[in-house]
Amino acid sequence: MRKLVVAIDGPAGAGKSTVAQMAAKELGFTYIDTGAMYRAVAWKSLQQGKTVTDDLINDVVKDIDIVLNYKEGKTKVFVDGTEVTAAIRTPEVTGIVSQVAALGPVRERLTDLQRKMATQGSVIMDGRDIATNVLPNADIKIFLTASIEERADRRYKEMKAKGYDVDLKKLQEEIAARDKADSEREISPLVQAEDAELLDTSDMSIEEVVKAILDRCR
Ligand code: CDP
Ligand code: CDP
């Protein structure tokens, strides 16, 4: 197969990382989780100061070393040599990640890194602005979504399984607030690209979504 670039965008809990990882494994492509990179910057900012200001975040992003190690369907995330795969998924990180992702210097540096990562062979990259900004020439562009109720329900089950004591209503509010912040920010907001295909997964199983992506790649 020739080199193929697949861009998957969409809101939180749509299933992007789950299905992208599975499809990448099946196809032998590299999976690039750009959300993990924004989370990495948020994590390091929280490590550095009690109050996370925009200045602190902009300072952190200047020389942060982020490595995404994708192997056999799973991604390990490293910041400055330390593994942070689980640490970047805590509610604390999730709580500030949209503030981090709205800043120009953060987006500039991470977009640059993401474009470099995409030059190595066939890739599936997921995020919020992949089709619109990071890889506008991607061969396949999918905008993955689901109803807010379904997305919150998926996240609820996931957090419960990880042992977090979560409230479904609160989770719904948190996801809605993040959707709003991501969609309304000035730089590279979350929006469906004109040439992207909309895939509403509200009533689809993980396997069905993976199959839909594989069909398009093949
Ligand atoms: O997994 P989840 O959907 O909760 O989010 P994520 O993909 O880990 O992304 C976390 C946050 O990073 C998003 O809410 C966005 O604020 C930001 N992000 C972004 O701005 N641009 C991207 N390409 C990817 C993520
Ligand atoms: O990356 P994104 O935030 O878009 O979503 P995710 O983290 O891949 O998926 C959120 C949760 O929904 C995971 O626990 C998946 O197992 C689940 N999921 C699902 O139940 N049905 C789907 N069709 C896709 C994902």
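Residues numbered from 1 in each chain as written. Chains lettered and ligands numbered in written order. Predicted model: local features only at pLDDT ≥ 70, side-chain atom pairs only at ≥ 80, totals over all residues. Heavy atoms only, no water.

Looking at an unreviewed UniProt entry, one finds the protein chain named Cytidylate kinase, with Anaerovibrio lipolyticus as its source organism. Its UniProt record gives the protein chain a comment under Subcellular location (unreviewed entry), which states: "Cytoplasm". (UniProt positions renumbered as here; feature names shortened; annotations may be inferred.)

Participant: Mind showing me how you'd approach the site of ligand 2 here?
Facilitator: By nearness alone, 15 residues border ligand 2, and Gly13, Lys16, Ser17, Thr18 and Glu158 come closest of all. Contact between ligand 2 and Ala14: an oxygen atom at 3.2 Å from a main-chain N or O atom of the residue. Here an oxygen atom of ligand 2 and a side-chain polar atom of Arg155 are 2.9 Å apart. Here ligand 2, which alone exposes 540 Å², has 82% of that area covered by the protein. Looking at the shell around ligand 2, the elements that each hand over two or more residues are helix H1 (16-27), helix H7 (148-161) and helix H9 (206-217). Taken together, the residues that form the shell around ligand 2 break down as six nonpolar, five polar and four charged. (Near = heavy atom within 4 Å. Polar contact = N/O pair within 3.5 Å; in protein donor to acceptor, adjacent residues only side chain to side chain. Areas by Shrake-Rupley, 256 points an atom, 1.4 Å probe, with all protein chains shown as cover. Helix = DSSP H or I, 4+ residues; strand = E, 2+ residues; numbered from the N terminus. Nonpolar A, V, L, I, M, F, W, Y, C, P; charged D, E, K, R; others polar.)

Participant: Help me out: how do you make sense of the nonpolar core in this one?
Facilitator: If you look at the biggest cluster of nonpolar residues, it comprises 40 residues, and the most contacted ones within it are Val41, Ile66, Val106, Leu110 and Leu135. Here the element with the most residues in this core is helix H2 (residues 34-48); it accounts for seven residues. If we ignore the near neighbours within four places in the chain, the residues touching Ile66 are Met37, Ala40, Val41, Phe78 and Leu110. Counting residues in each nonpolar core, the second largest holds 23 residues, with Ala23, Leu27, Ile140 and Cys217 among its members. (Core = buried A, V, L, I, M, F, W, Y, C linked by side-chain atoms within 4.5 Å. Buried < 20%, exposed > 50% of the residue type's maximum accessible area, 1.4 Å probe, protein only. Contact = heavy atoms within 4.5 Å.)

Participant: Is there a simple way to explain the packing of aromatic side chains in this structure?
Facilitator: This structure, assessed with the given rule, holds one aromatic pair. The interplanar angle of 70 degrees and the centroid separation of 5.8 Å between the aromatic rings of Tyr31 and Tyr70 together place this pair among those described as edge-to-face. Placement of Tyr31 in strand S2 (residues 30-33) and of Tyr70 in strand S3 (residues 66-71) is noted, with a sequence separation of 39 residues between them. According to the relative accessible area criterion, Tyr31 is buried, its value standing at 2%. (Phe/Tyr/Trp six-rings, centres within 6.5 Å; stacked < 30°, edge-to-face > 60°.)

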